[in-house]
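# Structure at a glance
Here's the letter readout for the chains.
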Amino acid sequence: MAANPTTRVPGGAEAARHGLDAESLQRDVLDNLVSLQARYPAIATPHDWYMALSYSVRDRLLLRWVDTVQRYAAADVRVACYLSAEFLIGPQLGNNLLNLGIEAQARAAMLALGQDLDTVIALEEEPGLGNGGLGRLAACYLDSLATLQMPALGYGIRYEFGIFRQAIRDGWQVEETDKWLQKGNPWEIVRPDVAYYVNFGGHTQSATDAEGRFRVRWTAANQVKGVACDTPVPGYRVETCNTLRLWKSEAVESFDLADFNVGDYYGAVQEKVISETLSKVLYPNDEPEMGKRLRLAQQYFFVSCSLQDMLRLLELKGEPIERFADMFVAQLNDTHPSIAVAELMRLLLDERGLQWEQAWDITRRTLAYTNHTLLPEALETWGLPLFRSLLPRPLEIIYEINRRFLDEVRQRHPGDESRVARMSLIDESGDRRIRMAHLATVGSHAVNGVAALHSSLLRETVLRDFAELWPERFHNVTNGVTPRRFLALCNPGLARLLDETVGEGWIADLTRLRGLEAHADDAAFQRRWRAIKHANKEVLAQHIQSATGVVVDPRALFDIQVKRIHEYKRQHLNALYMVALYQRLRREPQLALAPRCFVFGGKAAPGYAMAKLIIRLINGIAEVVNNDPAMEGRLKVIFFPNFNVKSAHHIYPAADLSEQISTAGKEASGTGNMKFMMNGALTIGTLDGANVEIREEAGAENFFLFGLRAQDVERLQREGYRPADHVAAHDELREALDLIASGHFSRGESEVFRPLVENLMQWDHFLALADYADYAACQARVDAAWQDPAGWTRMSILNTARSGKFSSDRAIREYGDRIWSLAPIG
Ligand code: GPU
């Protein structure tokens, strides 16, 4: 953890008053051990100690938490609500100690109790409430919102089972249930009194109310209750402690009782089972949509609860409904919460009796939409029959929004019916479907992409017509990651050196890392830099050995690709290169190549066969390479199982090379690329997503660039791409594919990888073969650069020094200034 936190917190009497000193912590841990875990030290399990310490830390957050909530309720300020189906928050204990500045005190307290703090921290179950980048981004943004003391709330779903645990058996991914709540969650406070009802199914009726106004009544077939489960989100060394509010579904008792009374006990239980299923499990698909009924129900459930909660908070603030948009802004994290457009309209029209124009004005001023993908297969749409059966009233509202919107389009472009069809909220080309990205765009005052390139492509392709109609609504906010978790917490060795070199201020102002540049060529500083990296690699080597049994040498170049497994991210391009290297080394054992350790990590969606086959391939290559004596000291291949936030803490700090090799134009931003850069890894990458800006910041000479550009990719695919031509033109590539097809990496079974090889030879949708030659050439430049340690270390230092832009603090300031009109209240 960052150096000497004792200097950053109140000391002596001041600390004792806040209960932040080691002695009072020790006392409370003991108390909690008895009063909450019902255990004495002599019989306490390590997990009991974890719980006792976590409760003690949570207690120390409570005062700030309550104060912060009160401040927001009282102040005439706008609150940012971040609506997201995923929050991949990662383990909490270490992070909360860091942000409170009491890590040293906790260490001393635990030591006095005979416990090792790091061991206790390592026991925390990962709250895996997200799939990958999108969910982790939401968590980084919560950390920055609190640190910048901006009034904010995160709203999402409290999944009982998060993302599955990945095990590897015979080289294949096997999914295991994630029972993260089994031993209890000390960070969560359930609030049975903060609960809302959500309608599903049934029918609507229109009638005139007592005042003679037209009103619609939705008679639901089923109601589900959402109960708030709150997690504190403390800022870094500030008084602010924001809230992550996740909704858990419960059965509505009155429904059960009614059925029970008429004797339908099993019917009542059945009803209960359905409503309690709603927040049971996170859908494990990253990007491709799956069109499942329960998924739509989850989305509507958490959006409706969140909007109802905002309306209740408005009342608590004593503000009239007309002021809703002045008091709240809701950021939609991709289209998953985009049903908010229809639901906010419904609440304002049907429940509050507002007129359409006023309700629409409030809705649009409240909502803003972030797009996270251009991949057509990932753009959410819902078939009308499914949508109607689940959400009849929201569907009517969507029809009316669409009618009014298309009138506007027709007025602007008379006679241009193909434009009307393109822009409609309903896709009428096949079976009729609702286009959620269009709904989100029409219902928002701001739309943004997540990296400069992505935002341009968004304006030029997927949302082109909309950008033409409302150019002023379109923005870019390049993603960022929190330097607290992804540098200070996970890389304590480097954090100490940074403190010493540029001062401790870097943790809350990452641009201060620029101060490292002056030391980039200093031989003594370089030695310390390398020693830290080496120590981090030793730690990762230990974890690799315990997870896979394979021993790796920390002196090798650690070449790492960790992220979800996807064809567009091209783990298979990396795999092809490993096979080629293996072949070269087999043929020419004396070849002067730097020893490399390739490390992969990442989950495949359970239904994504090709991604699972890529995992099998990497493990197949690993098995052959790691057991070949001729490869000893030259080449190692590791598939690190169950990549998650917890294991990420050991992986980013140990990387020499960061693989960011997606097909240009396909990765919206990437955020792993930023975490690697901060920790001093050099990037090998395409001009895709935030790589473009990473290269700009680092300097082209400190980045290994290869591959087709986005416009080349587009042209090649338009003109007809022929993967076989690239194979014919490149012996090494052909031999690598042949070796894979031969069964060499599948214990002689040549059938195993056939679908993968055939797919590449015939289609290669993501142009891995077209980029292969340039990738291999670029890897040769990496090899040469590695042979010069001083030059490499200089580049590594400059990458960290110039990573300031990629702090989520910068990103959140941009959202605050450009999209939310929201200022910190310190
Ligand atoms: N992303 Br859409 C996800 O992780 N899941 C999704 O469902 C969608 C996008 C990612 C993008 O792939 C990645 O490029 C980006 O950095 C991240 O969202 C955060 O913006």
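Residues numbered from 1 in each chain as written. Predicted model: local features only at pLDDT ≥ 70, side-chain atom pairs only at ≥ 80, totals over all residues. Heavy atoms only, no water.

For the protein chain, the name recorded in an unreviewed UniProt entry is Alpha-1,4 glucan phosphorylase, with Variovorax humicola as its organism. Its UniProt record gives the protein chain a comment under Cofactor (unreviewed entry), which states: "pyridoxal 5'-phosphate". (UniProt positions renumbered as here; feature names shortened; annotations may be inferred.)

What follows deals with the overall build of the protein chain. What the protein chain contains, in helices and strands, is 34 helices and 22 strands. By its C-alpha atoms, the protein chain is 90 × 75 × 55 Å across when sized along the principal axes. Every one of the 826 residues in the protein chain was classed for burial, and the buried ones make up 62%. Expressed as a percentage of contacts within the protein chain between residues at least 6 apart in sequence, the contacts between residues at least 24 apart total 77%. Taken as a whole, the protein chain presents about 30300 Å² of accessible surface, with 52% of it coming from carbon and sulfur. One way to put it: in the protein chain the 92 positive side-chain charges average out to a point 1 Å from where the 106 negative ones average out. (Helix = DSSP H or I, 4+ residues; strand = E, 2+ residues; numbered from the N terminus. Buried < 20%, exposed > 50% of the residue type's maximum accessible area, 1.4 Å probe, protein only. Contact = heavy atoms within 4.5 Å. Areas by Shrake-Rupley, 256 points an atom, 1.4 Å probe, with all protein chains shown as cover. Lys, Arg positive; Asp, Glu negative; His and termini not counted. Charge placed at Lys NZ, Arg CZ, Asp CG, Glu CD.)

This brings us to the pattern of salt bridges. What the rule picks out here adds up to 60 salt bridges. In this structure, aspartate 143 engages arginine 484 in a salt bridge whose closest nitrogen and oxygen atoms are separated by 2.9 Å. Placement of the pair is aspartate 143 in helix H7 (residues 133-147) and arginine 484 in helix H20 (residues 483-489), with a sequence separation of 341 residues. The exposure classification of aspartate 143 matches that of arginine 484, with both residues buried. As a salt-bridge pair, glutamate 400 and arginine 403 come within 2.8 Å of each other at their nearest N and O atoms. You can see glutamate 400 and its partner arginine 403 sitting in helix H15 (residues 392-412), 3 residues apart, about one turn around the helix. Salt bridges here are not isolated pairs; linked through shared partners, they connect Asp76, Glu319, Arg323, Asp326, Asp361 and Arg365. (Salt bridge = Lys/Arg side-chain N within 4 Å of Asp/Glu carboxyl O.)

What follows is about the sheet that holds strand E9 (residues 241-251). Strand order in the open sheet formed by 9 strands is E5-E8-E9-E2-E1-E10-E11-E15-E16, and the pairing between neighbours is mixed. Of all strands in the sheet, those with a lone pairing partner are strand E5 (189-200) and strand E16 (474-476), marking the two edges. Strand after strand, the sheet turns through a mean of 25° between neighbouring axes, direction not considered. Where strand E1 (residues 79-83) and strand E2 (residues 152-157) come together, 4 bridges link them in parallel fashion. Its bridge partner being in E2, leucine 83 is matched across the sheet by tyrosine 155. In the packing of helix H3 (residues 46-74) onto the sheet, the strands contacted are E2, E5, strand E8 (222-234) and E9, and the crossing angle to E9 comes to about 90°. (Pairing = 2+ DSSP bridges. Axes fitted to C-alpha atoms, helices over the stretch in contact; angles between N-to-C directions.)

Let's shift gears to the pairing of strand E11 (residues 367-370). Taking every second residue as pointing to the same face, both faces of E11 are buried, with Leu367 and Tyr369 on one and Ala368 and Thr370 on the other. When strand E10 (residues 328-333) meets E11, the two strands line up parallel, connected through 4 bridges. Bridging across to E11, asparagine 333 finds its partner in threonine 370. The pairing of E11 with strand E15 (residues 446-449) spans 3 bridges and is classified as parallel.

Here we come to the packing of aromatic side chains. Under the defined criterion, the tally for this structure stands at 20 aromatic pairs. The rings of Tyr82, Phe87, Tyr141, Tyr815 and Trp820 are connected pair by pair, giving a single aromatic cluster. Of note, arginine 473 hangs over the ring of tryptophan 470, and the distance from its end group to the ring centre comes to 3.5 Å. The ring of phenylalanine 486 is capped by lysine 675, whose NZ or CZ atom sits 4.3 Å from the centre of that ring. (Phe/Tyr/Trp six-rings, centres within 6.5 Å; stacked < 30°, edge-to-face > 60°. Lys NZ or Arg CZ within 6 Å of the ring centre and 35° of its normal.)

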